[in-house]
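# Close look at the chain arrangement
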Amino acid sequence: MNSSAAASAVAARRPTDLHAVPASPASAAAPGAWPRLSAAWSTVRWRHAVVLLALLVYPFVVSPFFTFQIGAQSLALGLIALSLTFLGGYGGMVSLAQMTVAGFAAYMLAIFGTSSNTAISLGWPWWLALAVAISLATLFSAAIGWLSVRTEGIYTIMITLAVGVAFFYLAQQNYTVFNGFQGFSRIGPPTLFGYDLHQPLPFYFIVLSCSLGGYWFVKYLIGAPFGVALQGIRDNPRRMQALGFNVTAHRVAAYAVSGFLAAVAGVLLVWYNGRISPGTVGTGAMINILIIAVLGGMKHPIGAFIGAIVFVLLQNFAIDLIDRERFNLVIGGVFLAIVLFSPDGLLGLWQSLRTRLAGRRISKHGLGRIHQ
């Protein structure tokens, strides 16, 4: 939704109507949710069905390496990048702490669940540890939002970066709770309905289900009253404040939603790696999420997953083109090229190509008619 559409939609609503809608997943049960779901379903095109079919067939036609190392990892990283896309693209708040929130959820899962360090891990049932980890990570993200939403632009980026760096050093230097630089290992996924989720095929479908759920949740939310108000706040916060909207509350709620998505992805990543350590939440990891979101395009939810696929492919196969210690040069070169030639990422580049092709077709048809 563009700026003018967001402003028009917000202006058409009464402030009381928007405040009556909770900024949480529970809003799906509110009156008027089914018409919005029907509208969202009406936007489904044949290409969406083709992509979904390809995702379902993918693990059956490729090797376990591509299923687990490429497919599952891309979807998990894409879910974290989706949380940043929601914040930056629809809320106007670029946060570098999304990987920090994901790592916090992973640490909480290791602390409350089971790991190799039995002296620290509490050994709770996996489902209880999972619920506590995601809940605490969501609250942690909301706290980050409460600290940073009163600033804008580069100051928001610096605050979230400071929080991420502070958490990195806390995890590295604290041995009582976070076990220092060693972190936690042997954090395996559970066996669900008789399926070992550590196996490539079941794990891929679990990650795919979570990623699809996160994608459609964001698509639904940006069309809901809360999402429309958030986009209005992104475009003109002073006007929204004058109309009676609580700008700070909406922004903090957006951080909570993004934190929930990042927390789910953080759990998936710790199950994927089998361990969590300070290196997972370092500055490099935080920047990688920003690169993924920008590569795909921060104005489109699907762009997060496209950027993640490109990033993971480069990360795994760039060493075949250049020395292992310098493969980041390839990633940086691709990122720089995308930023220079298409600020809206790969999807923006695709849209511009489609527009040019459509223009050429129109011009050809027009010339043909003139000659006739």
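So, a few notes on the structure that sits alongside this text.

### Comments concerning the layout of surface pockets
Counted as a void, the second largest pocket has a volume near 250 Å³. Those elements that place two or more of their residues in the lining of the second largest pocket are α5 (64-91), α12 (247-273), α13 (283-296) and α14 (301-317). Ranked by residues supplied to the lining of the second largest pocket, first place goes to α13 with 4 residues. Here the lining of the second largest pocket is composed, by residue class, of 8 nonpolar, 5 polar and no charged.

### Observations regarding the packing of aromatic side chains
Within the structure shown, the criterion is met by 19 aromatic pairs. Ring geometry for F68 against Y272: centres 4.8 Å apart, planes inclined by 25 degrees, an arrangement best described as stacked. In this pair, F68 sits in helix α5 while Y272 sits in helix α12, placing the two residues 204 residues apart along the sequence. Y272 matches F68 in its accessibility class, with the two residues each being buried. Here the aromatic rings of Y204 and F205 are separated by 5.5 Å at their centres, their planes lie at 80 degrees, and the arrangement is edge-to-face.

### Some words on unusual backbone geometry
A positive phi is found at N179, a non-glycine position, where the angle reads about 60 degrees. With respect to the element layout, N179 can be found in the loop between α8 (154-173) and β1 (184-185). Positive phi, close to 55 degrees, is recorded for R186, a residue that is not glycine. Position of R186 among the secondary structure elements: in the loop between β1 and β2 (191-192). Classification of R186 by relative accessible area gives exposed; the value is 71%.

### Description of empty space enclosed by the protein
In total, this model carries 1 cavity of 30 Å³ or more according to the counting rule given. Residue lining of the largest cavity: M99, A102, G103, A106, G266, L269, V270, N273, R275, I276 and T280, and that is the complete set. Classifying every residue of the lining of the largest cavity by side-chain character gives 6 nonpolar, 4 polar and 1 charged.

### Some details on the environment of L56
Checked against the element boundaries, L56 lands in helix α4 (residues 46-61). Sequence separation between L56 and Y204 is 148 residues, and the spatial gap between their C-alpha atoms is 9.7 Å. Those residues in contact with L56 that lie beyond four places of it in its chain are F205 and L208.

Here is what the cut-offs are and how they apply
- Numbering of residues starts from 1 in each chain and follows the order in which that chain's sequence is written.
- Residues qualify for local features only when their pLDDT is at least 70, as the model is predicted, and side-chain atom pairs are given and counted only at 80 or more; totals for whole chains, interfaces and linings, by contrast, use all residues.
- Each side-chain value is worked out from all heavy atoms of the structure, with water and hydrogens disregarded.
- Buried and open spaces are told apart on a 1 Å grid over the protein atoms alone, a cavity being a set of points where a 1.4 Å probe fits but cannot get out and a pocket being an open set with protein on both sides within 12 Å along at least five of seven lines. Residues with an atom within 4 Å of a point are the lining residues.
- Grid points are joined across faces, edges and corners, and a volume is the space filled by probe spheres set on the points.
- Secondary structure elements follow DSSP: runs of H or I no shorter than four residues count as helices, runs of E no shorter than two count as strands, and numbering proceeds from the N terminus.
- Residues are sorted three ways: Asp, Glu, Lys and Arg are charged, Ala, Val, Leu, Ile, Met, Phe, Trp, Tyr, Cys and Pro are nonpolar, and all the rest, Gly among them, are polar.
- Two aromatic rings, drawn from Phe, Tyr or Trp (for Trp, its six-membered ring), form a pair once their centres lie within 6.5 Å of each other, and the interplanar angle then sorts them: stacked below 30 degrees, edge-to-face above 60, tilted otherwise.
- Burial classes: relative accessible area under 20% of the type maximum marks a residue as buried, over 50% as exposed, and values in between as partly exposed (1.4 Å probe, protein chains only).
- What makes two residues a contact is simply this: any of their non-hydrogen atoms within 4.5 Å.

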